[in-house]
Amino acid sequence: MTSTLVTGISTLVTNDPALGEGPLGLVEDAAVVLDGERVAWAGPASGAPAADERHDAQGCAALPGFVDSHSHLLFGGDRTAEFNARMSGRPYSAGGIRTTVAATREASDGELADNLARYLAEARRQGTTTMETKSGYGLTPGQESRALRVASQQTDEVTYLGAHIVAPEYADDPAAYVDLVTGPMLDACAPYARWVDVFCEKGAFDGDQARAVLTAGQAKGLTPRVHANQLSYGPGVQLAVELGAASADHCTHLSDADVDALSQSADTVATLLPGCEFSTRAVYPDARRLLDAGVTVALSTDCNPGSSFTSSMPFCVAVAVREMGMTPDEAVWAATAGGARALRRTDIGRIAPGALADLVLLDAPSHVHLAYRPGVPLVSRVWRRGALLGE
């Protein structure tokens, strides 16, 4: 295997306080050695060991690859008309998620795989080196399992979301649909997934239904994640903490008890999805409230065709700083190390010996520019598992 010395880094975010200053482990005038798929060394350039090859960052800032721990990339069609109507203040009567369900069911395996590859490549160009994605647009055992099979061939982390909404065929019998999700559908999907998720919300699944879905998934060896408290106050966050879910995602409408539960949990990360509120003109989650309470916070794109059709983690960092009360340092940590925590991974989200060699260079002297220069394509080089993308 070939080792590469990346030197000439103006500021390096390691996310390892043992290597540098503060929670981000900042190192000025830094270097990193990549050896195969792993980081071999990180620190001041003056102390860098030799390597087989050398890459001069020419004063760029560097940080770990972004970890996008919540997305919905397995779908057919799009919902441009719905978005245009919503942004134009016009009523729109199409079926929302059900529209995507119909288009996804009609798509071939090849079309789903090609769409997924395109969105993954789009995200990687913007610095995302780890991506989670979910099923949830098929809503039958065969459709959900094929989505997860396709996803498992390309993505790092795969989540079973049969409980996205009640399938149209079961609109008059949601209890029967929950039985399907926790029975034959789960049996078909569990071999392809690491996680089980549920949309715990009015109009989707209530607390009892969500508990049934998550505990059935746990019995099959899947770890819970929860779409929690996005549209209204509800039981989602409390259920996530109770069951030891890896993350409670959205967390827009929180009671003091919800915040307390998250702050006292050693297991459950609050994953915030600012692209969703941006795209729906909804109220943003209060990240400052969570951070001040000591909650572990992650940022993710929620990339999906209906409510957040962005794959850009830099965009989410900028919005989190501008609209959610986060500092630039907090937002960058949440988009890297926070995402890794939400996926219960220690090999990503940091630049330290033994971690995967996922490294991003910015055409800027500091990571702060991700929020300081919103919308500017600052990502100039991306290494994923030691391979320089695009070369």
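Analysis parameters
- Residues numbered from 1 in each chain as written.
- Predicted model: local features only at pLDDT ≥ 70, side-chain atom pairs only at ≥ 80, totals over all residues.
- Heavy atoms only, no water.
- Buried < 20%, exposed > 50% of the residue type's maximum accessible area, 1.4 Å probe, protein only.
- Helix = DSSP H or I, 4+ residues; strand = E, 2+ residues; numbered from the N terminus.
- Pairing = 2+ DSSP bridges.
- UniProt positions renumbered as here; feature names shortened; annotations may be inferred.
- Polar contact = N/O pair within 3.5 Å; in protein donor to acceptor, adjacent residues only side chain to side chain.
- Axes fitted to C-alpha atoms, helices over the stretch in contact; angles between N-to-C directions.
- Parallel < 35°, antiparallel > 145°, perpendicular 65-115°, else oblique.
- Left-handed = near helix turned anticlockwise from the far one by under 90°.
- Contact = heavy atoms within 4.5 Å.
- Nonpolar A, V, L, I, M, F, W, Y, C, P; charged D, E, K, R; others polar.
- Phe/Tyr/Trp six-rings, centres within 6.5 Å; stacked < 30°, edge-to-face > 60°.
- Core = buried A, V, L, I, M, F, W, Y, C linked by side-chain atoms within 4.5 Å.
- Salt bridge = Lys/Arg side-chain N within 4 Å of Asp/Glu carboxyl O.

A two-sided burial pattern is seen for strand S15 (residues 359-362), the buried positions comprising Leu359 and Leu361 on one face and Val360 and Leu362 on the other. Across four bridges, S15 lies against strand S16 (residues 379-384) in antiparallel orientation. The residue of S16 that forms the bridge with valine 360 is valine 382.

As annotated by UniProt and renumbered to match this structure, "binding site: Fe(3+)" (unreviewed entry) occupies His70, His72, His227 and Asp302. Annotated residues spanning 233 residues; largest pairwise C-alpha distance 12.3 Å, indicating a single compact cluster. Mapped onto the elements of the fold, histidine 72 is located in the loop between strand S6 (66-68) and helix H1 (80-88). Look at histidine 72 and you get buried, because its relative accessible area is 2%. One polar contact links histidine 72 to histidine 227, side chain to side chain, over a distance of 3.4 Å. By the secondary structure assignment, histidine 227 is in strand S11 (residues 226-228). Overall, histidine 227 belongs to the buried group, its relative accessible area being 4%. A distance of 3.1 Å separates the side chain of histidine 227 from the side chain of aspartate 197, its partner in a polar contact.

With phi around 45 degrees, aspartate 29 is a residue other than glycine that occupies positive phi space. For aspartate 29, the location among the structural elements is in strand S2 (residues 27-35). You will see that histidine 250, though not glycine, has its phi angle at about 100 degrees, which is positive. Locating histidine 250 in the fold gives a position in strand S12 (residues 247-250). Exposure remark for histidine 250: the relative accessible area of 2% places this residue in the buried category.

Two elements in contact, helix H3 (residues 109-125) and helix H4 (residues 141-152), have axes separated by 10 Å at closest approach and are oriented at 45 degrees. In this view, H3 runs oblique relative to H4, as classed from their interaxial angle. For the element pair H3 and H4, the recorded crossing hand is right-handed. The residues of H4 that touch H3, namely those facing Asp109, Leu112, Ala113 and Leu116, are Arg146, Arg149, Val150 and Ala151. Looking at the contact of H3 with H4, its residues break down into five nonpolar, no polar and three charged.

Here the focus is the packing of aromatic side chains. This model, assessed by the stated rule, comprises seven aromatic pairs. Seen in terms of ring centroids, phenylalanine 75 and tyrosine 119 are 5.5 Å apart; in terms of plane orientation they differ by 20 degrees. Their pairing is stacked. Taken as a pair, phenylalanine 75 in the loop between S6 and H1 and tyrosine 119 in helix H3 lie far apart in primary sequence, 44 residues in all. Residue tyrosine 119 is classed as buried on the basis of its relative accessible area of 9%.

The subject of this paragraph is the nonpolar core. Counting residues in each nonpolar core, the largest one holds 89 residues, and the members touching the most others are Tyr160, Tyr177, Leu262, Leu290, Leu299 and Leu362. Looking at which element gives the most residues to this core, the answer is H3, with six residues. Look past the residues within four positions of leucine 299 in its chain and what remains in contact with it is Val67, Leu272, Pro274, Met313, Cys316, Val317, Ala320, Met324, Met326, Ala331, Ala334 and Ala335. Formed by 18 residues, the second largest nonpolar core is a distinct cluster that contains Leu12, Ile351, Ala357 and Leu359.

Okay, the side chain of serine 71 next. Topologically, serine 71 is positioned in the loop between S6 and H1. Among residues more than four places away in sequence, those in contact with serine 71 are Met131, Glu132, Thr133, Lys134, Thr301, Asp302 and Cys303.

What follows deals with the pattern of salt bridges. As a working rule, side chains carrying opposite charge can pair if their charged atoms are close by. Counting across every chain of the model gives 17 salt bridges. Lysine 134 is the partner of glutamate 132 in a salt bridge, and the nearest nitrogen-oxygen pair spans 2.8 Å. The pair formed by glutamate 132 and lysine 134 is uniform in burial state, with each residue classed as buried. The residue glutamate 323 makes a salt bridge to arginine 322 at a minimum N-O spacing of 3.7 Å. Residue classification places glutamate 323 among the partly exposed positions, given a relative accessible area of 38%.

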